[in-house]
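Close look at the chain arrangement
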Amino acid sequence: MRPPDCDSLLAPFDSHRRSWNHICENHFHKRIPSMPIVNIQLIEGRSDAQKEALIEKVTEACVASIDCTPESVRILLSDVSTQHFGVAGESVTKRRAAKETSGA
């Protein structure tokens, strides 16, 4: 049996009911592998080579752990400035400046 929401979704498409039933069945009753999307935020300063290595390793981890294909993995890297990244109530910029001032 289809979930009740299928009928309401398909009502406007009665003339195409056969094709929409097929789509509905695929989406609600068969396991369709999802496309993993991984968002990673990094403090700015990593090289392109480091980012490429990260993308490769995260893709491998997704494939190994959730049984997806490498082609289905999407990875978004975002560089965040040190002024826009906070730790323990202070920006990384401020923390680094304090560390340099203290000589540590």
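Before reading on, note that the structure itself is shown above.
Rules behind the numbers
- Position labels on residues start from 1 in each chain and follow its written sequence.
- Given that this is a predicted model, residues contribute local features only at a pLDDT of at least 70 and side-chain atom pairs are listed and counted only at 80 or more, while totals for whole chains, interfaces and linings are drawn from all residues.
- Side-chain numbers come from the whole structure's heavy atoms, not from hydrogens or water.
- Going along the chain from the N terminus, every DSSP run of H or I of four or more residues is numbered as a helix, and every run of E of two or more is numbered as a strand.
- Each residue's exposure class comes from its accessible area (1.4 Å probe, protein chains only) as a fraction of the maximum for that residue type: buried when under 20%, exposed when over 50%, partly exposed otherwise.
- Note on contacts: a residue pair qualifies if any of its non-hydrogen atoms lie within 4.5 Å across the two residues.
- Should a side-chain nitrogen of Lys or Arg be within 4 Å of a carboxyl oxygen of Asp or Glu, the pair is scored as a salt bridge.
- The set of buried Ala, Val, Leu, Ile, Met, Phe, Trp, Tyr and Cys residues whose side-chain atoms join them within 4.5 Å is what this entry labels a nonpolar core.

1. Considering the overall build of the chain
Of regular secondary structure, the chain possesses 4 helices and 4 strands. Secondary structure elements of the chain, listed N to C terminal, follow the sequence α-α-β-α-β-β-β-α. Counting the 104 residues in the chain, one finds 20% classified as buried. Expressed as a percentage of contacts within the chain between residues at least 6 apart in sequence, the contacts between residues at least 24 apart total 48%.

2. Description of the pattern of salt bridges
Taken as a whole and judged by the stated rule, the model has 3 salt bridges. Here Lys-57 and Glu-60 are joined by a salt bridge, their closest N and O atoms 3.9 Å apart. Of this pair, Lys-57 and Glu-60 both sit in helix α3 (residues 48-66), 3 residues apart, which is roughly one turn of the helix.

3. With respect to the nonpolar core
Val-38, Ile-40, Leu-42, Val-58, Cys-62, Cys-68, Val-73 and Ile-75 together form the largest nonpolar core, which totals 8 residues. Elements that contribute at least two residues to this core include exactly β1 (37-43) and α3. No other element matches the 3 residues that β1 contributes to this core. If near-sequence neighbours (up to four positions away) are discounted, Val-58 is found in contact with Val-38, Ile-40 and Ile-75.

4. Some remarks on the environment of Leu-54
Note that Leu-54 resides in helix α3. Here Leu-54 is in contact with Ile-40, Leu-42 and Leu-77, once residues within four sequence places are set aside.

5. Brief notes about the side chain of Thr-59
Mapping Thr-59 onto the fold places it in helix α3. When sequence neighbours within four positions are dropped, the list of residues in contact with Thr-59 reads Pro-70, Val-73 and Ile-75.

6. As for the side chain of Lys-51
Within the fold, Lys-51 resides in helix α3. Non-local contacts of Lys-51, meaning those with residues more than four positions away in its chain, are made with Arg-46, Leu-77 and Asp-79.

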